[in-house]
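Each chain is listed here by its residues.
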Amino acid sequence: MVICLLNRTFVAEKNEMMKKKNFKYPKAYLYAAGAGLTAIIALVCYYLFCSLSAKNETQYVCIDTDDTIDSVYAKLEPFATTVGKKAFHTIARHLKYADNIHTGRYKIEPGDGALTVWRRLSGGQQEPIDLTVPEARTKERLAALLSKKLMLDSTTIARSLCDSIFCAKYEADTATIICMFIPNTYNIYWDVTLDDLMKRMQREYQDFWTPDRRQKAEAIGLTPNEVQTLASIVDEETNDTEEKHIIAGLYLNRLKKDMPLQACPTIKYAWKRFDLKRLYDSLLNIDSPYNTYKNKGLPPGPIKVASIKGIDAVLNYTPSDYLFMCAKDDFSGHHAFAATGTEHMANAHRYQQALNERGIK
């Protein structure tokens, strides 16, 4: 009897020990598997979310219509970390980024992981730029400066601005199309098309010419485009804001008296020789609609992108009796103004003497 009880006790204890062992081993396996899975997840997270950029400053990548997956890799190469670069390549390959490349200018900030950058690029989530319209002297120069800030090709811009059919779409001709460009700063996408750029410029032009500005233009007998044409001449005459108002008034006096403007900047524009220091008589005979020595009235369009200060100087000109002006002989950049030809000839003589003394040709 005792032996049976001992056997039962032994069997019971053995069974209990087996149960405990059976519970211990699964828990150990689970712990090990969990630790391994956690390590894998941590590694994947590090791989995907560690900073793609090795730089401390925000980087920008511009992707145009000619870019392929390889050229995108090349654009990331200069600032990408080794891990970030490998991660982006892996994501791009498996998620077929090569079939979904969008043009645009994309921001990559410190801390942005490969997955974040891929989402931004593949989703076309580009960053706009601040485009400042330059006060360029020619359409070719304007096109060149715009192309440096945009995806657009300078040749395409220049040719379009010289195309009468293209200009007519924006209620302008090849001489006045430059009026569309008001020299402000605009928030715009880098990959904007030329048509969309011009539509934006046309809207900005219309917004700029407020009822107040239009009323002032009408009061002096000029259209908005004519105001900008005169302003472009005033801008080339001086950088001094106060003098702009005086010079604008002087030229308006000449227009009212049906006198030729005889504006030296228009001769430089006609010759496309903006470095000229002196204008000899031989230069004044050029056959050009921009020659204001031969032709009365305003030239057919601006000789540069007119500044806002220049435009407002024309609209808010300083009334005077002045009909003539000449650069001062002290080379200060200011002008000597005159109401009569006699006064003007005296001023001009002093200036010519100063040029001769300095050997300026």
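Here the structure is a predicted model, which is why all the values come from computation and not from measurement. (Residues numbered from 1 in each chain as written. Predicted model: local features only at pLDDT ≥ 70, side-chain atom pairs only at ≥ 80, totals over all residues. Heavy atoms only, no water.)

Topic: the overall build of the protein
Heads up, the rule is: Where helices and strands are cited, they refer to DSSP runs of H or I of at least four residues and of E of at least two residues respectively, numbered from the N terminus. Using a 1.4 Å probe on the protein chains alone, a residue whose accessible area is under 20% of its type maximum counts as buried, one over 50% counts as exposed, and one in between counts as partly exposed. Any two residues whose heavy atoms approach within 4.5 Å at even a single point are treated as in contact. In short, Shrake-Rupley with a 1.4 Å probe defines the accessible areas, and a residue's cover is counted only from the protein chains shown.
For the protein, the helix and strand inventory stands at 14 helices and six strands. Here the protein holds 361 residues, and the buried ones make up 41% of them. Put simply, of all contacts in the protein between residues at least 6 apart along the chain, 64% involve residues at least 24 apart. Summed over all atoms, the accessible surface of the protein reaches about 20300 Å², with 53% contributed by carbon and sulfur.

Some words on the packing of helix α5 (residues 139-149) against helix α6 (residues 154-161)
Spelled out, the test is: With axes taken as lines fitted to C-alpha atoms, and helix axes fitted only over the stretch in contact, angles between N-to-C directions fall between 0 and 180 degrees. Note on convention: the crossing is left-handed when the near helix lies turned anticlockwise from the far helix by less than a right angle, right-handed when the turn is clockwise. Each residue is assigned to one of three groups, with Ala, Val, Leu, Ile, Met, Phe, Trp, Tyr, Cys and Pro labelled nonpolar, Asp, Glu, Lys and Arg labelled charged, and all others, Gly among them, labelled polar.
Between α5 and α6, the shortest axis-to-axis distance is 8 Å and the interhelical angle comes to 145 degrees. In terms of crossing hand, the pair formed by α5 and α6 is right-handed. Packed against α5, whose contacting residues are Lys 139, Glu 140, Leu 142, Ala 143, Ala 144, Leu 146 and Ser 147, the element α6 presents Ser 154, Ile 157, Ala 158 and Leu 161 at the interface. Tallied by class, the residues present in the contact of α5 with α6 amount to seven nonpolar, two polar and two charged.

Let's talk about the state of the cysteines
The condition that has to hold: Sulfur atoms of two cysteines make up a disulfide when they are within 2.5 Å.
If you walk through the whole model with that rule in mind, you get zero disulfides. No disulfide involves Cys 167; its sulfur sits 7.5 Å from that of Cys 162, the nearest cysteine.

Details of helix α3 (residues 82-94)
Spelled out, the test is: Multiplying 1.5 Å by the helix residue count minus one yields the expected span of that helix. Comment: arc refers to directions from the helix axis out to C-beta atoms.
With 13 residues, α3 should cover 18 Å at 1.5 Å per step; its first-to-last C-alpha distance of 19 Å lies within 8% of that length. Where α3 is concerned, the buried positions are Gly 84, Ala 87, Phe 88, Ile 91 and Ala 92. Projected onto a plane normal to the axis of α3, the buried residues spread over an arc of 130 degrees and lie on a single side. Turned more than 90 degrees off the buried face of α3, the exposed positions are Arg 93 and His 94.

Quick look at the packing of aromatic side chains
Which entries qualify depends on this criterion: Any two of the Phe, Tyr and Trp rings considered here, Trp counted by its six-membered ring, make a pair once their centres fall within 6.5 Å; the pair's planes then place it as stacked at under 30 degrees, edge-to-face at over 60, or tilted in between. Both a distance and an angle decide whether a charge sits over a ring: NZ of Lys or CZ of Arg must be within 6 Å of the ring centre and within 35 degrees of the ring normal.
All chains considered together, the criterion is met by eight aromatic pairs. When the ring of Phe 88 is compared with that of Tyr 97, the centres are 6.1 Å apart and the planes differ by 75 degrees; the resulting orientation is edge-to-face. Owing to a relative accessible area of 1%, Phe 88 belongs among the buried residues under this scheme. Residues Phe 331 and Tyr 351 carry aromatic rings whose centres are separated by 5.8 Å and whose planes lie at 45 degrees to one another, so their mutual orientation is tilted. Of this pair, Phe 331 sits in the loop between β5 (324-327) and β6 (335-338) while Tyr 351 is found in helix α14 (residues 341-357), placing the two residues 20 residues apart along the sequence. Look at Tyr 351 and you get buried, because its relative accessible area is 16%. Taken together, the ring pairs connect Tyr 73, Phe 88 and Tyr 97 into an aromatic cluster. Taking the ring centre of Tyr 60 as reference, the NZ or CZ of Arg 105 above it sits at 3.9 Å. Across the ring face of Tyr 269, the terminal group of Lys 272 is positioned such that the distance to the ring centre comes to 3.8 Å.

Brief notes about empty space enclosed by the protein
Condition: The way it works is a 1 Å grid over only the protein atoms, where trapped points that fit a 1.4 Å probe form a cavity and open points with protein on both sides within 12 Å along at least five of seven lines form a pocket, and then any residue with an atom within 4 Å of a point lines it. Grid points are joined across faces, edges and corners, and a volume is the space filled by probe spheres set on the points.
Enumeration according to the criterion identifies one cavity of 30 Å³ or more in this entry. Considering the residues around the largest cavity, the lining is formed by Leu 52, Tyr 73, Leu 76, Ala 80, Lys 85, Phe 88 and His 89. Mapped onto the lining of the largest cavity, the elements with two or more residues apiece are α2 (69-76) and α3. The element best represented in the lining of the largest cavity is α3, accounting for three residues. Class assignment of the residues belonging to the lining of the largest cavity gives a composition of five nonpolar, one polar and one charged.

Some remarks on the pairing of strand β2 (residues 104-108)
Looking down a regular strand, the side chains alternate between one sheet face and the other. This is how it is decided: Strands pair, by our definition, only if DSSP identifies at least two bridges between them.
Taking burial as the measure, the five residues of β2 include four buried ones, the bulk of the element. Sheet topology places strand β1 (residues 59-63) next to β2; five bridges connect them, and they run antiparallel. What sits directly across from Ile 63, in β2, is Gly 104.

Regarding the side chain of Asn 225
Test applied: Each polar contact in these results corresponds to two N or O atoms within 3.5 Å; when the atoms are within protein, one needs to be able to donate a hydrogen and the other to accept it, and residues that are neighboring in sequence are counted only if both atoms are side-chain atoms.
Counting through the fold element by element, Asn 225 comes out in helix α10 (residues 224-237). Within polar-contact distance, the side chain of Asn 225 engages the side chain of Tyr 205 at 2.7 Å. Look past the residues within four positions of Asn 225 in its chain and what remains in contact with it is Thr 176, Cys 179 and Tyr 205.

Looking at the packing of helix α9 (residues 211-219) against helix α13 (residues 308-315)
In plain terms, the rule: Here the word oblique covers every angle except those under 35 degrees (roughly parallel), over 145 (roughly antiparallel) and from 65 to 115 (roughly perpendicular).
Look at α9 against α13: their axes get within 9 Å of each other, and the N-to-C directions meet at 55 degrees. Of the possible angle classes, the one that applies to α9 and α13 is oblique. Contacts between α9 and α13 pair Arg 213, Lys 216 and Ala 217 from the former with Ile 308, Asp 312 and Leu 315 from the latter. When its residues are assigned to classes, the contact of α9 with α13 shows three nonpolar, no polar and three charged.

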